[in-house]
Amino acid sequence: MLVLLRNPRREVTFAGPISVAALLNRLELNRESVLVIRNQTIVPGDASLDDADVVEIRPVISGGSSAGSSAGS
Amino acid sequence: MIDVRRHNANFCVEHFLRLCRDQMAKAVDEFAMFGRDDRVLVAVSGGKDSLALWDMLVEAGYKADGLCIGLGIGDYSDASSGYARRFAQERRLTLRYVDLREEYGYDIPTGARAARRAPCATCGLTKRHLFDKAAVDGGYDVVATGHNLDDEAAVLLGNVLRWNREYLGRQRPVLPGGHGFPRKVKPLVRLAERETAAYCVLRGIDYIVEECPMAAGNKHLGYKGALDAIESSSPGTKHAFYFGFLQRGAERFDGDGAAESAMLTACTTCGSPTTAGVCAFCRLVERASAATPVQLRPGR
């Protein structure tokens, strides 16, 4: 499967089948910090990904903040 | 299908969107943020949180206009503003726009260097001043920002690590207006970043995914990473931390945040409330507008 990562943008390939949770573990990514989008659909951690899938792992953490109070996004 | 571990549940699209809207409505009601007759000015950046907020407010029937500030952070600001403009155009919403360099003679990279402050601090000062001004000048009842649960938990962590009592005294979902300041509210505080991102994806809202190039490595993002690590093994921690503070800790710092209000006067340059003769924003403008513009590398 083709896996698209962001920030910085790059592509890697992985062999399926593999669960979303296992893929994130292999990539050392925290499930709380990303959305996993398969073929333009969000998938949960227990979903299984196959060789033919195109997967985007989208980071969700954003924002730089001044000390004390946040500036939002 | 999206899993929300802190709710110990998977949601279909319909019910996830309902969850998001209900959580926003709960925050608005619980903290008496604004009413149906209030005019809301939404601080819009083109990012997921501000666009999700604006979308939810409009869907819920509130009178909500947007304000976007062109911060002059190279290609990033152009792209970010573009998402905001397209969102507003597609929905026929009113988006006000302030170009920092055109109207005030500086941009964030130049301002940060001239003031010898971190870019995020310069950005925060600039945005707070301009949102307040736009709200007051435009007759808006409230400024709404897209701060979410992750934002507030990270700020709280930073404030606790350093025992910033004054900031802890002001860290609320609602900052009441008065003394020349508009009321400021954070309707998304019950939603995590992952949830606002998912909301945008499911609603087909295009937003800027790339991170601000000037934010890389800052402490705030570090605090978020630390909290996410804890949340991963103990879902619900961020919620418990932040809302536990509001319920059981915030009142202990109320006096620390209020002291400054008693010393406010009008800035001799712009008339905005300040504890100094000339406000921090005007001092920044004076220094930054005279400075040689910082040239960012292409692609930033």
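Residues numbered from 1 in each chain as written. Chains lettered and ligands numbered in written order. Predicted model: local features only at pLDDT ≥ 70, side-chain atom pairs only at ≥ 80, totals over all residues.

Caption draft 1: Focus on the overall build of chain B. Regarding its fold elements, chain B presents 13 helices and ten strands. Relative to a compact globule of 300 residues, whose C-alpha radius of gyration would be 19 Å, chain B shows 19 Å and is just as compact. The dimensions of chain B, computed from C-alpha atoms along their principal axes, are 55 × 45 × 40 Å. Taking all 300 residues of chain B together, 46% fall into the buried category. Within chain B, counting contacts between residues at least 6 apart in sequence, those at least 24 apart form 74% of the total. (Helix = DSSP H or I, 4+ residues; strand = E, 2+ residues; numbered from the N terminus. Rg over C-alpha atoms; globule rule 2.2 N^0.38 Å. Buried ≥ 20, exposed ≤ 12 C-beta atoms within 10 Å, placed from the backbone. Contact = placed C-beta atoms within 7 Å.)

Caption draft 2: Just the overall build of chain A, in detail. Helix and strand counts for chain A come out as one helix and seven strands. Listing every helix and strand of chain A by position from the N terminus yields β-β-β-α-β-β-β-β. Taking all contacts inside chain A whose residues are at least 6 apart in sequence as the whole, residues at least 24 apart take part in 53%.

Caption draft 3: Summary view of the pairing of strand S4 (residues 63–70) of chain B. Residue and element names in this part refer to chain B. In the sheet, strand S3 (residues 39–44) pairs with S4 via six bridges, with the strands oriented parallel. Bridge pairing links Val 44 to Cys 68 in S4. Regarding the hand of the β-α-β motif, the stretch spanning S3, helix H2 (residues 48–59) and S4 is right-handed. Sheet topology places S4 next to strand S5 (residues 95–99); five bridges connect them, and they run parallel. Note on S5: the bridge partner recorded for Gly 70 is Asp 99. Running through helix H3 (residues 74–91), the crossover from S4 to the neighbouring parallel element S5 is right-handed. (Pairing = 2+ DSSP bridges. Right-handed = clockwise from strand over helix to strand, strands pointing away.)

Caption draft 4: Molecular detail of the environment of Cys 123 of chain B. Along the chain, Cys 123 of chain B turns up in helix H6 (residues 119–138). Considered as a pair, Cys 123 of chain B and Met 214 of chain B are 91 residues apart in the sequence and their alpha carbons are 9.9 Å apart.

Caption draft 5: Quick look at the sheet that holds strand S7 (residues 174–175) of chain B. Residues and elements named next belong to chain B. Here we have six strands laid out as an open sheet, ordered S5-S4-S3-S6-S8-S7, and mixed in their pairing. The outermost strands of the open sheet, each flanked by one partner alone, are S5 and S7. Of the pairings in the sheet, the one linking S3 to strand S6 (residues 142–144) comprises three bridges and is parallel in character. Within S6, the position partnered with Leu 41 by the bridge is Val 143. Contacting S3, S4 and S6, H2 crosses the sheet at an angle of about 155° to S3. Sheet contacts for H3: S3, S4 and S5; angle to S4, the most-contacted strand, approximately 160°. (Axes fitted to C-alpha atoms, helices over the stretch in contact; angles between N-to-C directions.)

Caption draft 6: Molecular detail of the interface of chain B and chain A. The interface of chain B with chain A comprises 47 residues on the first partner and 27 residues on the second. Counting residues per element, the ones that place at least two in the side of chain B that touches chain A are strand S1 (2–4), H2, H6, helix H7 (149–162), helix H9 (193–203) and helix H10 (219–233) of chain B. Examining the composition of the side of chain B that touches chain A, we find that seven residues originate from one element, H10 of chain B, more than from any other. Looking at the side of chain B that touches chain A residue by residue, the class counts come to 19 nonpolar, 14 polar and 14 charged. (Nonpolar A, V, L, I, M, F, W, Y, C, P; charged D, E, K, R; others polar.)

Caption draft 7: Highlighting the sheet that holds strand S5 (residues 41–42) of chain A. All names here are of chain A. Taken in spatial order, the five strands line up as S2-S1-S7-S4-S5 in an open sheet, and their pairing is mixed. Because the sheet does not close on itself, it has two edges, and the strands there are strand S2 (10–13) and S5. Of the pairings in the sheet, the one linking strand S1 (residues 2–5) to S2 comprises four bridges and is antiparallel in character. Bridge assignment links Val 3 to a residue of S2, and that residue is Val 12.

Caption draft 8: Local environment of the packing of helix H5 (residues 108–115) of chain B against H6 of chain B. Residue and element names in this part refer to chain B. Packing of H5 against H6 brings their axes to within 8 Å, and their N-to-C directions diverge by 110°. What the angle tells us is that H5 and H6 run roughly perpendicular. Crossing hand, H5 versus H6: right-handed. Taking contact as the criterion, the partners of Ile 108, Pro 109, Gly 111, Ala 112 and Ala 115 in H5 are, on H6, Pro 119, Thr 122, Cys 123 and Thr 126. Classifying every residue of the contact of H5 with H6 gives six nonpolar, three polar and no charged. (Parallel < 35°, antiparallel > 145°, perpendicular 65-115°, else oblique. Left-handed = near helix turned anticlockwise from the far one by under 90°.)

Caption draft 9: A look at the confidence of the model for chain A. Of the residues in chain A, 86% reach a pLDDT of 70 or more, and the chain-wide mean stands at 86. Note on residues 65–73 of chain A: pLDDT under 50 across the span, and 45 contacts to partners over four residues away in sequence or across chains. (pLDDT = per-residue confidence, 0-100.)

Caption draft 10: Geometry of H2 of chain B. Residues and elements named next belong to chain B. Counted at 1.5 Å a residue, the expected span for H2 with its twelve residues is 16 Å, and the 16 Å between its end C-alpha atoms agrees. Taking burial as the measure, the twelve residues of H2 include ten buried ones, the bulk of the element. Residues of H2 that are buried include every one of Lys 48, Asp 49, Ser 50, Leu 51, Ala 52, Leu 53, Trp 54, Asp 55, Met 56 and Leu 57, and no others. Considering only its buried residues, H2 is in contact with helix H1 (13–30), S3, S4, H3, S6 and H9. (Expected span 1.5 Å × (residues − 1).)

Caption draft 11: The arrangement of the pairing of strand S4 (residues 34–38) of chain A in detail. All names here are of chain A. Relative to strand S7 (residues 54–59), S4 runs antiparallel, the two being bridged by five bridges. In the sheet register, Val 34 faces S7, and the bridge partner there is Pro 59. What sits between the antiparallel neighbours S4 and S5 is a turn of two residues, in which Asn 39 has the positive phi angle 50°.

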